[in-house]
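Observations on the three-dimensional arrangement
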2 protein chains.
Amino acid sequence: MQRLQTTGLELFYAQGYYDTSVDDILKKLELSKGAFYYHFDSKEDFFIQIIQNLLARKIYSTLIEPIEGHDNPITLITKCFDNAMETAVHNEMDYGCILSNFLTEFNGKNEVIMRHLNEIVTVWEVNLITALQKGKFNGYLDRHVDCEASATFLMSSYFGVRTLMTSAAPASKKYRFMSQLRQYFKSIEAKPVNS
Amino acid sequence: MQRLQTTGLELFYAQGYYDTSVDDILKKLELSKGAFYYHFDSKEDFFIQIIQNLLARKIYSTLIEPIEGHDNPITLITKCFDNAMETAVHNEMDYGCILSNFLTEFNGKNEVIMRHLNEIVTVWEVNLITALQKGKFNGYLDRHVDCEASATFLMSSYFGVRTLMTSAAPASKKYRFMSQLRQYFKSIEAKPVNS
DNA sequence: CTGTTAACAAACTAAGTGGTCAGTTTTGAA
DNA sequence: TTCAAAACTGACCACTTAGTTTGTTAACAG
């Protein structure tokens, strides 16, 4: 069962949902169709279970959990993005940010799945905002910073760079991105008081 | 012929390439399959012609041409992104950035098409870098700015925010994004000389 | 009027697609 | 040992896919 979902997510991530047939998955697993439809109502049902069981966890462990804590959110987020992109650089099987890819694929096509995906996006957003607000409260961020806006900007840039990284020269893309991310962070960090 | 390609791009953009059948396009055009395959070798050939004839032009007119000129690139890029996102906000048929969507869809699946798409990305990148360098030369940007890195950062953030905008509250996403884009720009613009 | 050709129509093929179902094996408790 | 429920098989169904083939117009040069 776990094996089913893991393989499913791998294939869906690599080939896309609509371009991965149930037969594809079953062939890789050497399983029969009957077994599959015994466990799942439909391909869509299968995918939704994957979202809830695997995708949500994956996003949490790579993008949310690392930014929790009471340290400087700038440091935490920088490290978090750096790590996430580093695995992408070193993983030849990188097809961009899973979440962003699926958002693109299902947009305007499957409302049910979109709701599940957007839920994960919202969780990420809320956690980012919270981390930033906490950072502001603790004096790491300038007190004029718009945390909601900053979160949107950070999410955008991360989604986008992961898309760009798949094309060519991911390592250099990562380096350039990180340098400008730091530049942005420098502009919202707490200014030293000239007393 | 023009009608064929225009309708094709509309459908490919809205539903994705793999989820749009030749029959879909022909049904909307009230045309026969014979006519289609008289003009095009294959579905892929059809799409590649669309990329070259329509997509490249669309990217040029919305993202490249507006940033050409000798004004402050910060102003130009800000206005350009603002306009591009504004049409997205007001267009109920918005499915994100066409280029970014296709990059996601074809990544790892069709190398030929990927090459064509990446060509467009490169053109955009080169023009962005040029605009920034010119801005640096003309004293609009701080002379320590890494123009390549800045271009990557700008492209990433734009791709990403267009993906996010399709989910919910595009207008508010736009507003938040633009505010932080300005914040970023403020951090790379030429510092006033304290003489 | 004739023959040629560009432009299309429509029926067709072969290979998939998601999904079903009658039947078989495996498991585990009584 | 029994037997029912759970787990699984693989052939099958209706349908869709990209692409082909054969046939029909319409225009037009000679």
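In short, a report on the structure. (Residues numbered from 1 in each chain as written. Chains lettered and ligands numbered in written order. Predicted model: local features only at pLDDT ≥ 70, side-chain atom pairs only at ≥ 80, totals over all residues. Heavy atoms only, no water.)

Digging into the overall build of chain A
Put simply, the test is: A run of H or I in DSSP becomes a helix once it reaches four residues, and a run of E becomes a strand once it reaches two; helices and strands are each numbered from the N terminus. Think of it in three bands: residues with accessible area under 20% of the maximum for their type are buried, residues over 50% are exposed, and the middle band is partly exposed, with areas taken using a 1.4 Å probe on protein chains only. Note on definitions: a residue-residue contact is assigned when non-hydrogen atoms from the two residues lie within 4.5 Å. Accessibility throughout is a Shrake-Rupley quantity obtained with a 1.4 Å probe, and a residue counts as covered only by protein chains that appear here. Think of it this way: Lys and Arg go in the positive column, Asp and Glu in the negative one, and His and the chain ends go nowhere. The atom standing in for a charge is NZ when the residue is Lys, CZ when it is Arg, CG when it is Asp and CD when it is Glu.
When you go through chain A residue by residue, the secondary structure sums to nine helices and zero strands. Along chain A, helices (α) and strands (β) appear in the sequence α-α-α-α-α-α-α-α-α when read from the amino end. Counting only C-alpha atoms and orienting by the principal axes, one finds that chain A spans roughly 75 × 30 × 30 Å. The 195 residues of chain A split such that 54% are buried. Partitioning the contacts of chain A with sequence separation of at least 6, the portion at a separation of at least 24 is 68%. A total of about 9100 Å² of accessible surface is found on chain A, and carbon and sulfur atoms cover 51% of it. Between the averaged position of the 20 positive side-chain charges in chain A and that of its 23 negative side-chain charges there is a distance of 6 Å.

Focus: the protein's contact with DNA strand D
Rules: We call a residue near a molecule or strand as soon as one heavy atom of that residue lies within 4 Å of the molecule or strand. Polar contact is the term for a pair of N or O atoms within 3.5 Å; when the atoms are in protein, one must be able to donate a hydrogen and the other to accept it, and sequence-neighboring residues count only if both atoms are side-chain atoms.
Taken together, 13 residues are adjacent to DNA strand D, and S32, G34, Y38 and H39 of chain A together with K43 of chain B come closest. A breakdown of the atoms of DNA strand D within 4 Å of the protein gives sugar and phosphate a share of 58%. With respect to DNA strand D, the side chain of H39 of chain A contributes an N or O atom lying 2.8 Å from a phosphate oxygen. Those elements giving two or more residues to the surface near DNA strand D turn out to be α3 (33-39) of chain A together with α3 (33-39) of chain B.

Brief notes about the pattern of salt bridges
Charged atoms that come close allow side chains of opposite charge to pair. Residue and element names in this part refer to chain A. Just so we agree on the cut-off: Counted as salt bridges are all cases of a side-chain nitrogen of Lys or Arg within 4 Å of a carboxyl oxygen of Asp or Glu.
Evaluated as defined, the whole model comprises 13 salt bridges over all chains. Of the charged contacts in the structure, one is a salt bridge between D82 and K174, with a shortest N-O distance of 3.2 Å. One end of the pair, D82, is in helix α5 (residues 73-90); the other, K174, is in helix α9 (residues 170-188), with 92 residues separating them in the sequence. Note on D82: relative accessible area 25%, which makes it partly exposed. Take K174: its relative accessible area is 10%, and that puts it in the buried class. Taken together, the shared-partner salt bridges connect D82, E86 and K174 into one network.

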